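# Secondary and tertiary structure notes
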Amino acid sequence: MRPVLHRRTFGLGLTALLAAPTAGRATSIPDLMDRPPPELEELKWHPPLREAIQALINAHGHYSDTYNGNAPPYVVMDWNNTAIVGDVQQTLFLFMLEHFCFLLPAQKFRSLIHVHASSHPLPVPFANLAGQPVTFPDLVSDIVEDYSALAARYGHMPHPIAREELQDNPAMLAFRARMAFCHQAVAALHGPDAAQQWLIRLVAGQTQTDVITLSRAANEWCLGASISNQRWVCPASRPGKAGPVQADITQMLRLTPEMGNLLQILQEHGIDPIICSSALEDLIALFATSAEYGYNLRHEHVFGARLVERKGVMEPTEVSHYPFPAGVGKTELIRLHFEQKRKQPPLMIFAGESSTANLLKSFPDTPLCCLINRKQSEDMEVFLREAAQPAPAGTPRRLYLQGRDENTGEWRPHTSSLLLGSTTPTLPA
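The following refers to the structure shown. Note on numbering: residues in each chain are counted from 1, in written sequence order. In keeping with the model being predicted, local features are shown solely for residues with a pLDDT of at least 70 and side-chain atom pairs are shown and tallied solely at 80 or more, while totals for entire chains, interfaces and linings include all residues. For the side-chain quantities, the full set of heavy atoms in the structure was used; hydrogens and water were omitted.

The next subject is helix α10 (residues 192-201). Given 3.6 residues to a turn, an α-helix orients residues that are three or four positions apart in the same direction. Here the term buried applies to any residue with accessible area under 20% of the maximum for its type, exposed to any over 50%, and partly exposed to those in between, with areas from a 1.4 Å probe on protein chains only. Secondary structure elements follow DSSP: runs of H or I no shorter than four residues count as helices, runs of E no shorter than two count as strands, and numbering proceeds from the N terminus. Among the 10 residues in α10, 7 count as buried, and that is most of the element. Among all positions in α10, only A195, Q196, Q197, W198, L199, I200 and R201 are buried.

Pasting the structure below:
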């Protein structure tokens, strides 16, 4: 089913507003007093959350008497599953698999996907279709064999290669199933942050222009596609050493009008929205700085993972002396670039990524934290469960829950969410 129009084009409706100069620090106080402060649209915010956000904006923005333009308030938010529904790094990964967008020789590709793992079988449920155990070295060997076959046939063609050219090729079907299986196994072995770094390294060998072009194509493809769970299966004709495997993947990417409007209102109040995400910075900035998509942020306020570039080509190595923006690294970046310089914690935190628990712990004086109600890491689930509980009488609420409908990619005006494939609202348990 095609998405409804506004999921793709809400940003176009906001473009004129967002492209206009904000009612910022250059606006005189008499001008500010002549009109009421801009407010968040109702849209599909959970109403108590929207009211709390607006109250903080009014109290700390430059319509208030306490506003300090030399050290303006700032709000920190994740990108994946927060400012958008879905994950731009995952979206690029799936697109690169579907269109075989890889340029490295086979042996360099082997070193790219290899991680430190023993020859012991992978943990449950990582078995082949016959229920037999799978070892990581055998899985990598099978992936490289598929990759070599595809590179020999399609390596001379310009990328991305049309899906129609690839869809019936057994090596292609095996390659994408094994790569998705491998990514999920890395997450099980080494954790979600390591799995994210594994995904990011896959752009090695591409120029920054290549990566941005591929990401734009991936975004357009996924924004226009149905939200769905899919099962990728390795054909029996390519058993390899590990045996045929399968992987379940989720195809999901949608714009979030509520966040686009929030970013606009924050800036009109002189409050800086800061994006800090574990995805590759170039992918986030493509989305976040675009007026077309409806976000229109300043690039210097977007922080993501960074890879070394050598002669314009991405290397599979992270930039030194720059924290990986997940867990403690995310907190380090905010402390260094904002808390230390502005002498204040974030005014608000919006969290939807599984790597944000440390940020929530590290800024206990942040008065409002909005958590997206979705399945996350156990570290985040602790905060989600707390946000789902009624606030004690007489105690200001700090943690708020925002629900969404994963079947449509839209938010819900409730704390409960509809998980993909379900019609029953759920809260963290």
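Next comes the rest of the write-up.
We now examine the state of the cysteines. Put plainly, two cysteines are in a disulfide when a covalent bond ties their sulfur atoms together. Disulfides are defined in this document as cysteine sulfur pairs within 2.5 Å. Counted under the stated rule, the structure contains 0 disulfides. This cysteine, C276, is not joined by any disulfide, and C369 carries the nearest cysteine sulfur, 14 Å off. Among the residues examined, C276 registers a relative accessible area of 0% and is labelled buried. Among the cysteines around C370, which has no disulfide bond, C369 carries the closest sulfur, lying 9.1 Å off. Residue classification places C370 among the buried residues on the basis of a relative accessible area of 0%.

This paragraph deals with the sheet that holds strand β12 (residues 399-402). By this definition, two strands are paired if DSSP reports at least two bridges between them. Strands sit in the order β7-β6-β1-β10-β11-β12 across an open sheet of 6 strands; the sheet is parallel. Both edges of this open sheet fall to β7 (302-305) and β12, since each of them pairs with a single strand only. Neighbour-to-neighbour, the strand axes of the sheet open up by a mean angle of 15 degrees, direction not taken into account. Pairing of strand β1 (residues 74-77) with strand β10 (residues 348-351), which is carried by 3 bridges, proceeds in the parallel orientation. Paired with V76 across the bridge in β10 is I349. A contact between two residues is defined here by any heavy atoms of the two lying within 4.5 Å. Note on definitions: angles span 0 to 180 degrees between N-to-C directions of axes, and those axes are lines fitted to C-alpha atoms, for helices only across the stretch in contact. Helix α12 (residues 257-268) rests against β1, β6 (272-280) and β10 of the sheet, and its axis sits at about 160 degrees to β1.

Structurally, L112 is set in helix α6 (residues 106-113). The buried category is assigned to L112, whose relative accessible area is 4%. Measuring from C-alpha to C-alpha, the distance between L112 and L359 comes to 30 Å, with 247 residues separating the pair along the chain. Leave out the neighbours within four places in its chain, and L112 touches L104, W198, R201, L202, A204 and P316.

With 9 of 9 residues buried, β6 lies mostly within the body of the structure. In this sheet, β6 lies alongside β1 in parallel orientation, the contact comprising 4 bridges. If you follow V76 over to β6, its bridge partner there is I274. As judged from the 3 bridges shared by β6 and β7, these two strands associate in the parallel manner. From the neighbouring strand, C276 faces β7, where its bridge partner is F303. If the strands point away from the viewer and the path from the first strand over the helix to the second runs clockwise, then the crossover is right-handed. Read as a crossover between parallel neighbours, the route from β6 over helix α13 (residues 281-288) to β7 is right-handed.

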